[in-house]
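# Observations on chain architecture
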Amino acid sequence: MKRYFPFGVLLVILALTFIFPSVEFDKTANPNFNTGDIAWMLMSTALVLIMTPGLAFFYGGMVNKKNVISTMLQSIVCMVIITVMWGIFGFSLAFGDSIGGVIGNPTTYFMMKGMLGNASWKLAPTIPLLLFAMYQLKFAIITPALITGAFAERIRFNSYIIFLILFSIFIFSPLAHATWHPDGILAKLGVLDFAGGTVVHMSAGWAALASALFLKRRNEANHSPARITYVMIGTGLLWFGWFGFNAGSAFGANHLAVTALATSTTASAAAGVTWIFFDMLRGRKPSAMGTCIGAVVGLVAITPAAGFVSVPHSLAIGIISAVVSNLVVEWRTRTSIDDTLDVFPCHGVGGMVGMLLTGVFASQNVNPNNTTGDGLFFGHTHLFLIQLVALIATSVFAFVGSVVLLKITNMISPLRVSKEEEELGLDISQHGEKL
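The present account deals with the structure reproduced in this document. (Residues numbered from 1 in each chain as written. Predicted model: local features only at pLDDT ≥ 70, side-chain atom pairs only at ≥ 80, totals over all residues. Heavy atoms only, no water.)

### Examining the overall build of the protein
Our working definition: Labels follow the DSSP assignment, with helices taken as runs of H or I lasting at least four residues and strands as runs of E lasting at least two, numbered in each case from the N terminus. Note that the radius of gyration is over C-alpha atoms, with the globule rule given as 2.2 Å times the number of residues to the power 0.38. Accessible area is worked out with a 1.4 Å probe on protein chains only. A residue is then buried under 20% of its type maximum, exposed over 50%, and partly exposed in between.
Assigned secondary structure in the protein consists of 15 helices and four strands. The C-alpha atoms of the protein give a radius of gyration of 21 Å, which matches the 22 Å a tight globule of 435 residues would have. Seen through its principal axes, the protein has C-alpha atoms that stretch 60 × 55 × 35 Å. Burial analysis of the protein (435 residues in total) assigns 57% to the buried set.

See below:
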């Protein structure tokens, strides 16, 4: 029965494509469309997509050689599964008509209806609605992929697929709606999250911690990265794609996109060099792995702040986030928590540092669309307190929700591979392939 069910789902989807062709054309005049903005957002959509293969290289190079293919595939499979879900009901859950400010109505854009012609999203009026939907899809793809580093080398692939589907529906979609939909509860509160501090990195980070605790430690204590060169390639792809991630969140080819691009690259650079120097301060050799991890931590931390802070403050965010995440990584190694690739210290903690520092450094001179106010650095406490409330609420929701989803998944299909499968390696035991 387990073999037939997934294909049965595909047959249902096939039937839906005939029942709901979604060919309605919106002929309403839309003079706001801007070809420059459309071109930039098409490019940004492609840039964000390349981050997921970049993440696959980044994570794949860090694991043991016998688990490289499995680890990389855990990222790539998100591209195919989440895309199908998004086209059917996922976009509606995140951006459909608001239900209580916490989730979208799944029927609003069911099967991508109403996407053709001159339809647009109210907060991105210069680009077609379908382009906005495709851009946001790439965020939905990479978020569950980020979690995979926490349970690498010990999760059953079939069970992982179930978990990523549940996570996308019950964790990512509500957070995206609450934060980025104008009627979302966090948006109405005035929370600032330019490109995904809460929605992407904190949610993935807390889910990663929950996963590491739930699946417990690996049986093999020794851990040697398969290809540090893969990690370096992945870092380059992530940094390159992050320009679409952050600068694209301006939804146009405008000054705000330029600001986000500038703050993203400076924060990443500052975090990368800080990680090296902080390791040297503690008597360690400057490593390629540390440089790459630091650069990614900087990108994570600047994500919520990218369009709200100045370049000097982006440097501060990069430096602070690198030190904090480095210390949390060190703390994690002294515990029994087996977060294989330190997803929580880097993405979870990096996202939280970025959220708080957005409340410190945000300036209305940088982004006049920031109606909540200036940050703590400028003598105002309101925004900082709102960011703190959002941080706490998101953390509790993402962690507790992930624990529940892990338990549900485990009841449907055991999450942990057997000791023999783990020793053999997931490439062979789960996929019948090897390097």
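### Focus: the packing of aromatic side chains
To be explicit about the condition: Pairing of aromatic side chains requires ring centres within 6.5 Å, counting the rings of Phe and Tyr and the six-membered ring of Trp. Pairs whose planes differ by under 30 degrees are stacked, by over 60 edge-to-face, and all others tilted. Comment: the charge-over-ring label is applied if NZ (Lys) or CZ (Arg) is within 6 Å of the ring centre and within 35 degrees of the ring normal.
Applying the stated criterion across every chain yields a total of 25 aromatic pairs. On the numbers, 6.3 Å between centres and 45° between planes, the contact of Phe157 with Tyr160 is tilted. Of this pair, Phe157 and Tyr160 are both found in helix H5 (residues 157–180), three residues apart, which corresponds to roughly one turn of the helix. Positioned above the aromatic ring of Tyr4, the side-chain terminus of Arg3 is 5.6 Å from the ring centre. A cation sits over an aromatic face here: Lys122 above Trp121, 6.0 Å from the ring centre.

### Side note on the pattern of salt bridges
Opposite charge on two side chains permits them to pair, given that their charged atoms come into close proximity. The cut-off we apply is this: Every case where a carboxyl oxygen of Asp or Glu lies within 4 Å of a side-chain nitrogen of Lys or Arg is listed as a salt bridge.
Taken as a whole, this structure holds ten salt bridges when the rule is applied. Among the salt bridges present, the one from Asp279 reaches Arg282, with a minimum N-O distance of 3.9 Å. Residue classification places Arg282 among the partly exposed positions, given a relative accessible area of 30%. Asp342 is the salt-bridge partner of Arg332, the closest N and O atoms lying 2.8 Å from each other. Here the residue Arg332 occupies a position in helix H11 (residues 311–333), and Asp342 occupies one in the loop between H11 and helix H12 (343–361), the gap between them amounting to ten residues.

### What to know about the nonpolar core
Rules: Throughout, nonpolar core names a set of buried Ala, Val, Leu, Ile, Met, Phe, Trp, Tyr and Cys residues whose side chains join them through atoms within 4.5 Å. Residues are treated as being in contact if the distance between any of their heavy atoms lies within 4.5 Å.
Phe58, Trp86, Phe91, Phe132 and Phe245 are the most contacted members of the largest nonpolar core, which has 129 residues in total. Once residues within four sequence positions are removed from consideration, Phe132 is found in contact with Phe91, Phe95, Trp121, Ala124, Ile127 and Phe251.

### Description of a nonpolar patch on the surface
We count it as follows: The residues that make up patches have over 30% relative accessible area and no salt bridge, and they are joined within 9 Å when like-charged or within 5 Å when they are Val, Leu, Ile, Met, Phe, Trp or Tyr. Note on areas: Shrake-Rupley with a 1.4 Å probe; residue coverage comes only from the protein chains shown.
A grouping of Leu385, Leu388, Ile392, Val396, Val400, Val404, Ile408, Met411 and Ile412 is seen on the molecular surface, where their side chains present a nonpolar patch of about 800 Å² in accessible area. Tracing the sequence through the fold places Val400 in helix H13 (residues 382–412).

### Observations concerning the packing of helix H9 (residues 255–281) against helix H10 (residues 288–302)
For the record, the criterion: Here, axes are lines fitted to C-alpha atoms. For helices the fit covers the stretch in contact, and angles between N-to-C directions go from 0 to 180 degrees. Note on angle classes: values under 35 degrees are labelled roughly parallel, values over 145 roughly antiparallel, values of 65 to 115 roughly perpendicular, and the remainder oblique. Crossing chirality is assigned from the near helix's rotation relative to the far helix, an anticlockwise turn below a right angle marking it left-handed and a clockwise turn marking it right-handed. Think of it as three bins: nonpolar holds Ala, Val, Leu, Ile, Met, Phe, Trp, Tyr, Cys and Pro, charged holds Asp, Glu, Lys and Arg, and polar takes everything else, Gly as well.
Interhelical geometry of H9 versus H10 gives an angle of 140° and a closest axis separation of 7 Å. In this view, H9 runs oblique relative to H10, as classed from their interaxial angle. Where H9 crosses over H10, the two elements pack in a sense that is right-handed. Contact with H9, carried on its side by Thr263, Ser264, Ala267, Ser268, Ala271, Gly272, Trp275 and Ile276, involves Gly290, Thr291, Ile293, Gly294, Ala295, Val297, Gly298, Leu299 and Ile302 of H10 and no other residues of that element. A breakdown of the residues in the contact of H9 with H10 according to their chemical character gives nine nonpolar, eight polar and no charged.

### What to know about the packing of helix H2 (residues 35–60) against helix H3 (residues 68–95)
Where H2 contacts H3, the axes come no closer than 8 Å and their chain directions differ by 165°. With respect to their mutual orientation, H2 and H3 come out roughly antiparallel. By crossing handedness, the relation of H2 to H3 is classed as right-handed. Contacts from Leu49, Thr52, Pro53, Leu55, Ala56, Phe57, Tyr59 and Gly60 of H2 reach H3 at Val68, Thr71, Met72, Ser75, Ile76 and Met79. In terms of residue class, the contact of H2 with H3 is made up of ten nonpolar, four polar and no charged.

### Thoughts on unusual backbone geometry
Excluding glycine, residues mostly have negative phi values, and the peptide bonds linking residues are mostly trans. Positive phi values are uncommon outside glycine, yet Ser22 reaches one of about 55°. With respect to the helices, strands and loops of the structure, Ser22 is situated in the loop between helix H1 (4–19) and strand E1 (25–26). Here Ser22 falls in the buried class, since its relative accessible area comes to 13%. Its identity is not glycine, yet Lys216 carries a phi of approximately 65°, on the positive side. Looking at where Lys216 falls in the secondary structure, it is placed in the loop between helix H7 (197–215) and helix H8 (228–247).

### Some details on the environment of Ala119
As for its placement among the helices and strands, Ala119 is situated in the loop between strand E4 (116–117) and helix H4 (129–147). For Ala119, a relative accessible area of 8% gives the class buried. Considered as a pair, Ala119 and Asn30 are 89 residues apart in the sequence and their alpha carbons are 7.8 Å apart. Discounting chain neighbours no more than four positions away, the residues touching Ala119 are Asp26, Phe33, Gly114, Ile127, Pro128 and Leu129.

### So, H3
Using the following cut-off: Helix span, expected: 1.5 Å multiplied by one less than the number of residues in the helix. The angle between axes fitted to the seven residues ending at a residue and the seven residues starting there is what we call the bend at that residue.
The end-to-end C-alpha separation of H3 is 35 Å, well short of the 40 Å expected for 28 residues at 1.5 Å each. A maximum bend of about 75° is found in H3 at Trp86.

### What to know about the environment of Gly100
Inspection of the secondary structure assignment puts Gly100 in the loop between strand E2 (98–99) and strand E3 (103–104). Since its relative accessible area comes to 65%, Gly100 is described here as exposed. Considered as a pair, Gly100 and Gly184 are 84 residues apart in the sequence and their alpha carbons are 7.8 Å apart.

### Side note on the side chain of Ser211
For clarity, the cut-off: Pairs of N or O atoms are called polar contacts if they sit within 3.5 Å, as long as, within protein, a hydrogen donor faces a hydrogen acceptor (for residues adjacent in sequence, only side-chain-to-side-chain pairs).
Relative to the assigned elements, Ser211 resides in helix H7. Residue classification places Ser211 among the buried positions, given a relative accessible area of 0%. Only 2.8 Å separates the side chain of Ser211 from the backbone oxygen of Ala207, close enough to count as a polar contact. Residue contacts for Ser211: discarding those within four places in its chain leaves Ile147, Phe151, Phe163 and Leu406.

All quantities given are derived from atomic positions and should not be read as evidence of function.
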